[in-house]
Amino acid sequence: MLARVTGRPELLGVPAETPLFGAGVGLDSLAGTLLLRQVQRRYGVDVAAEDLNLDSLETLSTLATFIAARL
Amino acid sequence: MIKCVVWDIDNTLLTGVYLESGADLPGADPGLTGVLRELSARGILSAIASRNPPAAADYVQQVTGADFAAVECGWGSKADAIARIAAELSLAPDVIAFVDDDMLERAEVAAAQPDVLVLTPEEAAEAPAWPEFSPAVITAEARRRSQLYAERRRRQAAANEFGGSRDDFLRHAGTQLTIAPAVPDDLPRLHELSVRTHQLNSAGEPVTQPDLARLLASPADAVITVRLADDFGDDGLVGAAIMTGNGGSSGPDVHVPARALVATVPLIMMSCRALGRGALDALLAWLCRSAAADGAAELRVPCLVTERNVPMRLALAAAGLRAEAGSVAPDGRAVFTRPLTGELPQLPDWVTVK
């Protein structure tokens, strides 16, 4: 999902603990919005509505935990 | 107010059917060609949704001389094509109009996209006289909008082919971002941005030109503009921020502890054309660094929390700003803050500060 929204196939193998913001993945507003939209479509979890600070986007691992707790 | 008109080709923009005309292709409808030109001059975009091969859109572009911001040629549903155009241009359905001579196509779009304004070609010919097609102020950026979107299509195609990271592409494309204090000539465009931006707007309400002029004249406030250009085109003034210090206090009275200077940013706004091009991240990095250089200990950004401005919240989070959990006020606002100590966000080397 991350590889698709960023258009960077090399992110397919990114470790779950890599920070999504800043160096490393460098998730920006555009890719972040697309990622949240995909998450909502696939899992029915509206992360933006439930997480004011979007801290769940810190890493793929925190995002997965956030989603799993709401499934 | 309509921001984009999605046009059918056969028997609408052309005076016949593209695929049924053999070598003798139909010409452009003269009335609607005039409408295309008039809408473009008012900053209203045009796009194509057609059951034709992509070559038909190139042909229409050639015979009408119009710039199309998005093109959907294919045999799928037109309601889906409009949804893709809306997503590509970051527009809500209620600012889109759809023009088609075919009653069934109009009915399908009206049913699937009730917020889209659905028109016959005859109605579209009259539309320039209607209020929803008549913006009150038309800025230089607005007059060039169709051209800017056509440049954006070429930039997007190049980005899709480019292998590296976003930063590598921004460098490769010769991206130049200029941060400078606003001048009086910027006021109409700043007002327009405050009205038109939603996804990347922290305040969620328009700022009038007199209010902007007052802020510009006030020594306690700073109005900061962002201009963006690259090898594909010059987008001009794409964003701005207002920053206000509290003046701090370090009075002579030793019994009153010094109050830390807090820099408050009541408005950050950025055109969606700048989405994905690092402009908002760079502006936030500059705000942090500039406030810190002025001696502020904290940056505060009050932000309306809505479904539409999630991209703004993402940028705030990426720049290290956080709001207290559950602190959204009854008016829908939360205050995002960050201390201005430790490591501040980096300004990329393609940013020029004036």
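About the thresholds
- Residues numbered from 1 in each chain as written.
- Chains lettered and ligands numbered in written order.
- Predicted model: local features only at pLDDT ≥ 70, side-chain atom pairs only at ≥ 80, totals over all residues.
- Helix = DSSP H or I, 4+ residues; strand = E, 2+ residues; numbered from the N terminus.
- Contact = placed C-beta atoms within 7 Å.
- Rg over C-alpha atoms; globule rule 2.2 N^0.38 Å.
- pLDDT = per-residue confidence, 0-100.
- Nonpolar A, V, L, I, M, F, W, Y, C, P; charged D, E, K, R; others polar.
- Pairing = 2+ DSSP bridges.
- Axes fitted to C-alpha atoms, helices over the stretch in contact; angles between N-to-C directions.
- Buried ≥ 20, exposed ≤ 12 C-beta atoms within 10 Å, placed from the backbone.
- Domains from an automatic or database assignment.
- Core = buried A, V, L, I, M, F, W, Y, C linked by C-beta atoms within 7 Å.
- Parallel < 35°, antiparallel > 145°, perpendicular 65-115°, else oblique.
- Left-handed = near helix turned anticlockwise from the far one by under 90°.

Draft legend 1. The arrangement of the overall build of chain B in detail. Helix and strand content of chain B: 13 helices and 12 strands. For chain B, the C-alpha atoms occupy an extent of roughly 90 × 40 × 40 Å along the three principal directions. Long-range contacts, defined here as pairs at least 24 residues apart, represent 67% of the contacts in chain B between residues at least 6 apart.

Draft legend 2. Focus on the overall build of chain A. A tally of helices and strands in chain A yields four helices and zero strands. Each helix and strand of chain A, ordered N terminal to C terminal, gives the series α-α-α-α. Expected size for 71 residues packed as a compact globule is a radius of gyration near 11 Å; at 11 Å, chain A falls within 12% of this value. With the principal axes as the frame, chain A shows a C-alpha extent of 30 × 20 × 20 Å.

Draft legend 3. A look at the confidence of the model for chain A. Scored by pLDDT, chain A has a mean of 87; 99% of the residues are at 70 or more. Per-element confidence in chain A is highest for helix α4 (residues 60-68) of chain A, whose mean pLDDT is 93, and lowest for helix α1 (residues 2-6) of chain A, whose mean pLDDT is 80.

Draft legend 4. Spatial organisation of the interface of chain B and chain A. The interface is formed by 23 residues belonging to chain B together with 17 residues belonging to chain A. Among the secondary structure elements, those contributing two or more residues to the side of chain B that touches chain A are α9 (166-172), α12 (279-293) and α13 (310-318) of chain B. No other element matches α13 of chain B, which puts seven residues into the side of chain B that touches chain A. Partitioning the side of chain B that touches chain A into residue classes produces 14 nonpolar, four polar and five charged.

Draft legend 5. Structural detail: the sheet that holds strand β3 (residues 70-73) of chain B. All names here are of chain B. Strand order across the open sheet formed by five strands is β3-β2-β1-β4-β5, with parallel pairing between neighbours. The outermost strands of the open sheet, each flanked by one partner alone, are β3 and β5 (117-119). Neighbour-to-neighbour, the strand axes of the sheet open up by a mean angle of 20°, direction not taken into account. As judged from the four bridges shared by strand β1 (residues 4-7) and strand β4 (residues 96-99), these two strands associate in the parallel manner. When the bridges of β4 are listed, V6 appears paired with F98.

Draft legend 6. Inspection of the pairing of strand β2 (residues 45-50) of chain B at higher detail. Residues and elements named next belong to chain B. By the criterion of burial, β2 is predominantly enclosed, with six of the six residues buried. Here β2 shows two buried faces, one formed by L45, A47 and A49 and the other by S46, I48 and S50. In this structure, β1 lies alongside β2, joined through four bridges in parallel fashion. Bridge pairing in β2 places W7 opposite I48.

Draft legend 7. Just the domain arrangement of chain B, in detail. We note that the domain assignment places domain 1 (4-133) and domain 2 (164-353) within chain B. A straight line from the C-alpha centre of domain 1 of chain B to that of domain 2 of chain B covers 37 Å.

Draft legend 8. Quick look at the environment of D55 of chain A. Relative to the helices and strands, D55 of chain A resides in the loop between α3 (47-50) and α4. Between the C-alpha atom of D55 of chain A and that of F66 of chain A, which follows or precedes it by 11 residues, the distance is 9.6 Å.

Draft legend 9. Focus on the sheet that holds strand β10 (residues 298-304) of chain B. Residue and element names in this part refer to chain B. Spatial strand order, β11-β10-β9-β8-β7-β6-β12: seven strands in an open sheet with mixed pairing. Bordering the open sheet on either side are β11 (333-339) and β12 (351-353), each of which pairs with just one other strand. Within this sheet the neighbouring strands show an average axis-to-axis angle of 25°, counted without direction.

Draft legend 10. Inspection of the nonpolar core at higher detail. Residue and element names in this part refer to chain B. Formed by 76 residues in total, the largest nonpolar core has its most connected members in A241, V265, A279, L283, L287 and L299. If we ignore the near neighbours within four places in the chain, the residues touching V265 are A241, I242, M243, L287, L299, R300 and V301. Counting residues in hydrophobic clusters, the runner-up holds 45 residues, among them L45, A56, I82 and F98.

Draft legend 11. Region of interest: unusual backbone geometry. Residues and elements named next belong to chain B. One non-glycine residue, N11, adopts positive backbone phi at about 60°. Position of N11 among the secondary structure elements: in helix α1 (residues 9-13). Notably, S90 is not glycine yet its phi reads approximately 55°, a positive angle. Take S90: it is sitting in the loop between α4 (78-88) and β4.

Draft legend 12. Molecular detail of helix α10 (residues 187-196) of chain B. Here α10 of chain B lies mainly inside the structure; seven of its 10 residues are buried. Those residues of α10 of chain B that fall on the buried side of the exposure criterion are L187, R189, L190, H191, E192, L193 and S194 of chain B.

Draft legend 13. Highlighting the packing of α4 of chain B against helix α5 (residues 103-112) of chain B. Residues and elements named next belong to chain B. In contact at an axis separation of 8 Å, α4 and α5 are set at 55° when each is read in the N-to-C sense. Put simply, α4 runs oblique to α5. Here K78, A79 and I82 of α4 lie close against α5, whose contacting residues are E105, E108, V109 and A112. Class assignment of the residues belonging to the contact of α4 with α5 gives a composition of four nonpolar, no polar and three charged.

Draft legend 14. Representation of the packing of α10 of chain B against helix α11 (residues 209-217) of chain B. All names here are of chain B. At a minimum axis distance of 9 Å, the contact between α10 and α11 shows a crossing angle of 120°. Taken together, the axes of α10 and α11 are oblique relative to one another. Here α10 and α11 pass one another in a crossing that is right-handed. Of the residues in α11, those in contact with L187, P188, L190 and H191 of α10 are Q209, L212 and A213.

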